[in-house]
Structure formats: C-alpha cells, structure tokens
Amino acid sequence: MKLTTVTQVTIDGVTQGNGGASDEDRRNGFERGGWARGAGDDETRTFITQTYQRAEAFLFGRRTYELFAGSWGSIDQAHPIGVALNKAPKYVASTTLTAPRWEGTTVLRGDLAAAIGELKAKPGGELQVHGSGILTQWLLENDLVDEMILIVIPVILGQGARLFAETGPDRALDLVESRVDSKGVTIQVYRPAGRPRYATA
C-alpha cells in the first residue's frame, strides 16, 4: 500500500486545533482552535471527501484517533467521510491505548517501523494518515511516507504545534499536483525525493 499523509496546515505551519471546536486542543496554552472550519470551497471539500473514499486503511496517532473515534466513530454516519472511516481498517500507533472503542481498530505496538512496513507490503490501495502531526513527523524521519497532501489554509496563527519542527531532517519534495480554490485554500501533493541539494562554495 502507498502511505499518504493528509494534513491541514496554516501558512505558518501550524496543525494544532484545526477542527470545529475552539477548545478542541488547548495544549501549551493554545487558544486559536477551529481555524480550518469553513475554509475551502465545494471543490476542496469534494477533493477531501474523495481522498478519504479511496483509502484502503487508515493510520492514526493516538490523539487524532481519539478525536476521530469520538466524532466519526461514535454514531452511524451517512456522510461519505464517515462511511469511509467506519468501513476501512484503522490502525493506531500508541503505547498507551489499551481498549480502542472504534470497531475495526488495531493498536500497533512494539517495532512501529516494522509494523507499518508490513502494512505497506500488502497489495494495492492506500494507507492514509490524517492529521496526526507527531506521527507524520516520525514517518517522514523514517522514510515511510510515499506521498504528502498539504491542505494550506490562508491564515497565520502565530502559536501552536507545527508540522515541521524547528530542527529536524531535511527532505526534498517533488510536486505531483497543486491547486488553489476560490477561498485561497491550496492543495499541494508531494512525493519525498531524498535530501535537498545545497549550494556549494
């Protein structure tokens, strides 16, 4: 399976608290939640829905899993994203989650890289990671990401956890697709392409 990360991010790289509630994620004094709510036009919403629908399986970090399980997994969903999430296998990278409450969930423990490698070795389909910023960083550091989708919301927050840490590994990216919608939301699809080339003296 191809491993694809899908991340909503601000212009200044923040991923924290993008969802519908302003108090969804108050870690480290974060006060500006809900910044992605209402962003994007119908075309962008269709793109996001179709992305979920093509997933063979989903991989989450623990925090994002619990947020999704509490919303999409808590009731019968008629929305196509809810249908996609509920019917597909779900995997959670966690050392602390012991009793997942969302049907179809498997907790990955032990050697995470090996476990994800086994999932990726399965034939066909796409293993998608939505949100899960810390997990996405780890996957990039371990060269496990095949494709990255960044949904960039035109807002600068000035606080919050960012997708790319202040220091970390460097990556070159090849642009696969790019579009901008009528509300200024851009969708950028990249494939990791090794290390960047730097100028030499």
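Higher on the page you've got the structure.
Summary of the structure given here. (Residues numbered from 1 in each chain as written. Predicted model: local features only at pLDDT ≥ 70, side-chain atom pairs only at ≥ 80, totals over all residues. Heavy atoms only, no water.)

1. With respect to the packing of helix α1 (residues 42–53) against helix α3 (residues 80–87)
When two helices pack together, their arrangement is captured by the angle between the axes and the distance separating the axes. Interaxial distance between α1 and α3 falls to 8 Å at its minimum, and their mutual angle equals 20°. As summarised for this structure, α1 and α3 are arranged roughly parallel, according to the angle between their axes. Taken as a pair, α1 and α3 cross one another with a handedness that is left-handed. Across the interface between the two elements, I48, T49, Y52 and Q53 of α1 pack against P80, I81, A84 and L85 of α3. Looking at the contact of α1 with α3 residue by residue, the classes come out as six nonpolar, two polar and no charged. (Axes fitted to C-alpha atoms, helices over the stretch in contact; angles between N-to-C directions. Helix = DSSP H or I, 4+ residues; strand = E, 2+ residues; numbered from the N terminus. Parallel < 35°, antiparallel > 145°, perpendicular 65-115°, else oblique. Left-handed = near helix turned anticlockwise from the far one by under 90°. Contact = heavy atoms within 4.5 Å. Nonpolar A, V, L, I, M, F, W, Y, C, P; charged D, E, K, R; others polar.)

2. A word on the packing of helix α4 (residues 112–120) against helix α5 (residues 133–141)
Across the interface, α4 lies against α5 with an axial gap of 12 Å and an inter-helix angle of 85°. Taken as axis vectors, α4 and α5 run roughly perpendicular relative to one another. Here L112, A113 and I116 of α4 come into contact with α5, specifically with L135, W138 and L139. Among the residues forming the contact of α4 with α5, the class breakdown is six nonpolar, no polar and no charged.

3. Thoughts on unusual backbone geometry
Phi is positive for S132, close to 55°, though the residue is something other than glycine. The buried category is assigned to S132, whose relative accessible area is 6%. (Buried < 20%, exposed > 50% of the residue type's maximum accessible area, 1.4 Å probe, protein only.)

4. Examining the pattern of salt bridges
The full count for this structure, using the stated rule, is 11 salt bridges. A salt bridge links R54 to E126, with the nearest nitrogen and oxygen atoms 2.6 Å apart. Of the two residues, R54 sits in the loop between α1 and β2 (57–61) while E126 sits in strand β5 (residues 126–130), which places them 72 residues apart along the sequence. Taking relative accessible area as the criterion, R54 reaches 39% and is therefore assigned partly exposed. Between R62 and E66 there is a salt bridge, with the nearest N and O atoms lying 2.9 Å from each other. Linking R62 with E66, this pair stays in helix α2 (residues 62–71), spanning four residues, or about one helical turn. Taking relative accessible area as the criterion, R62 reaches 33% and is therefore assigned partly exposed. (Salt bridge = Lys/Arg side-chain N within 4 Å of Asp/Glu carboxyl O.)

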